[in-house]
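For reference, the chains in residue letters:
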Amino acid sequence: MTTTSAAPPDTGAASQIIEALAPLLAHHRRRWAARCQAYGLSIIGFQVLALLEMHGAIPMSRLAEELDVALPNATGIIKRMAERGLVERAHDDEDRRVVRVDLTDEGRKLIGEMEAGRRQRMTALIGALDASQQRRLLQAVRDLHAAARTLEQHEEPTTT
């Protein structure tokens, strides 16, 4: 039986790509941090919003685990966000001991506003490329997504 395996990655090219992207990503992180600050939101607060947007209402214990913080710390974070009207807490219908956290309409609106700003910046950045560059970038991004899906299928789940 013949076994085929993918060619080993070209780590030299990967390193060059990562180095080429580093300044762009650093600039993006700075802008994102500034945007969070402008909305009075900490980075961990934004992470909470993103998790809730992705997963929907989740138990407080899972939220603490996802944030990699102790439950009392997560409780304090959520309390402050609830006071701002961004999230809401409710007891689980099946197990009243479980507190579930979800986005409010205000939280969804904030995510939408922040996402609109990011999309506007990305649209301008991509618009600065000519049509040929845009097509190559689109294909490269599609290839990157396909590679990510392949890696995810082969990765072992991590335990914390």
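Computed from a predicted model, the values in this text were never measured in an experiment.

Q: Explain the confidence of the model for the protein here, please?
A: Interpretation of this model should avoid reading the predicted coordinates in detail wherever pLDDT is low. Of the residues in the protein, 91% reach a pLDDT of 70 or more, and the chain-wide mean stands at 88. When pLDDT is averaged over each element of the protein, strand β3 (residues 99-103) comes out on top at 95 and helix α1 (residues 11-38) at the bottom at 87.

Q: Help me out: how do you make sense of unusual backbone geometry in this one?
A: Most peptide bonds take the trans configuration, and most residues that are not glycine carry a negative phi. Phi at Asp 68 takes a positive value of approximately 60°, unusual for a residue other than glycine. Topologically, Asp 68 is positioned in the loop between α3 (60-67) and α4 (71-83).

Q: Explain the sheet that holds β3 here, please?
A: Paired through their backbone hydrogen bonds, the strands of a sheet run either parallel or antiparallel. Ordered in space as β1-β3-β2, the three strands form an open sheet in which the pairing is antiparallel. One side of each edge strand has no neighbouring strand; the edge strands of this open sheet are β1 (58-59) and β2 (87-91).

Q: Please clarify how helix α2 (residues 43-55) should be interpreted in this entry.
A: For an α-helix, the turn length of 3.6 residues means that residues three or four places apart are oriented alike. Here α2 spans 18 Å end to end across 13 residues, near enough to the 18 Å set by a 1.5 Å rise per residue. All of the buried residues along α2 are Gly 45, Phe 46, Val 48, Leu 49, Leu 51 and Leu 52. Trailing α2 by a residue or two, Gly 56 shows a phi angle of about 80°, which is positive.

Q: What am I meant to see in the packing of aromatic side chains here?
A: Aromatic ring pairs: the centre-centre distance and the angle between the two ring planes describe each pair. All told, the structure shown has one aromatic pair when counted by the stated rule. Taking 4.9 Å as the distance between ring centres and 80° as the angle between the ring planes, the aromatic pair formed by Trp 32 and Phe 46 counts as edge-to-face. Here Trp 32 is found in helix α1, whereas its partner Phe 46 is found in helix α2, with 14 residues between them in sequence. Of the two residues examined, Trp 32 and Phe 46, each falls in the buried class.

Q: Sorry if this is basic, but what is going on with the side chain of Arg 35 here?
A: Tracing the chain through its elements places Arg 35 in helix α1. In this structure, Arg 35 is buried with no salt-bridge partner, the nearest side chain bearing the opposite charge being Glu 115 at 7.5 Å.

Q: Looking at this structure, how should I read the pairing of β3?
A: Within a regular strand, side chains alternate between the sheet's two faces. Pairing of β1 with β3 involves two bridges; the strand directions are antiparallel. Bridging across to β3, Pro 59 finds its partner in Arg 100. Summarising the sheet, β2 and β3 pair through five bridges and their orientation is antiparallel. Across the sheet, residue Val 87 finds its bridge partner in β3, namely Leu 103.

Q: Hey, could you run me through the pattern of salt bridges in this one?
A: Pairing is possible between side chains of opposite charge, provided their charged atoms come close. Going through the model one piece at a time under the given rule, you end up with eight salt bridges. Note that Arg 97 and Asp 95 form a salt bridge whose closest N and O atoms lie 3.0 Å from each other. According to the relative accessible area criterion, Asp 95 is partly exposed, its value standing at 24%. In this structure, the salt-bridge partner of Arg 118 is Glu 115, at a minimum N-O distance of 2.3 Å. With Arg 118 and Glu 115 both in helix α5 (residues 105-127) and three residues apart, this pair spans about one turn of that helix. Given the relative accessible area of 26%, Arg 118 is considered partly exposed. Here the salt bridges do not stand alone but share partners, grouping Asp 102, Asp 105 and Arg 108 into one network.

Conventions adopted
Within each chain, residue numbers correspond to sequence positions counted from 1 in written order. It should be noted that, the model being predicted, local features are given only for residues of pLDDT at least 70 and side-chain atom pairs only at 80 or more, the latter also being counted only at that level, while totals for whole chains, interfaces and linings use all residues. The basis for every side-chain value is the complete set of non-hydrogen atoms in the structure, without hydrogens or water. A residue's pLDDT is the predictor's confidence in that residue, given on a scale from 0 to 100. Helix and strand assignments follow DSSP, with helices taken as H or I runs no shorter than four residues and strands as E runs no shorter than two, numbered in order from the N terminus. Pairs of strands are assigned from DSSP output, requiring at least two bridges between the strands. Each helix should span, by expectation, one fewer than its residue count multiplied by 1.5 Å. Note on exposure labels: buried denotes an accessible area under 20% of the residue type's maximum, exposed denotes more than 50%, and partly exposed covers the range between, all computed with a 1.4 Å probe on protein chains only. Here a Phe, Tyr or Trp ring, Trp counted by its six-membered ring, pairs with any other such ring whose centre lies within 6.5 Å, and the pair is stacked when the planes are under 30 degrees apart, edge-to-face when over 60, and tilted otherwise. When charges are counted, Lys and Arg contribute as positive and Asp and Glu as negative, whereas His and the chain ends are disregarded. Between Lys or Arg on one side and Asp or Glu on the other, a salt bridge is scored when a side-chain nitrogen of the former is within 4 Å of a carboxyl oxygen of the latter.

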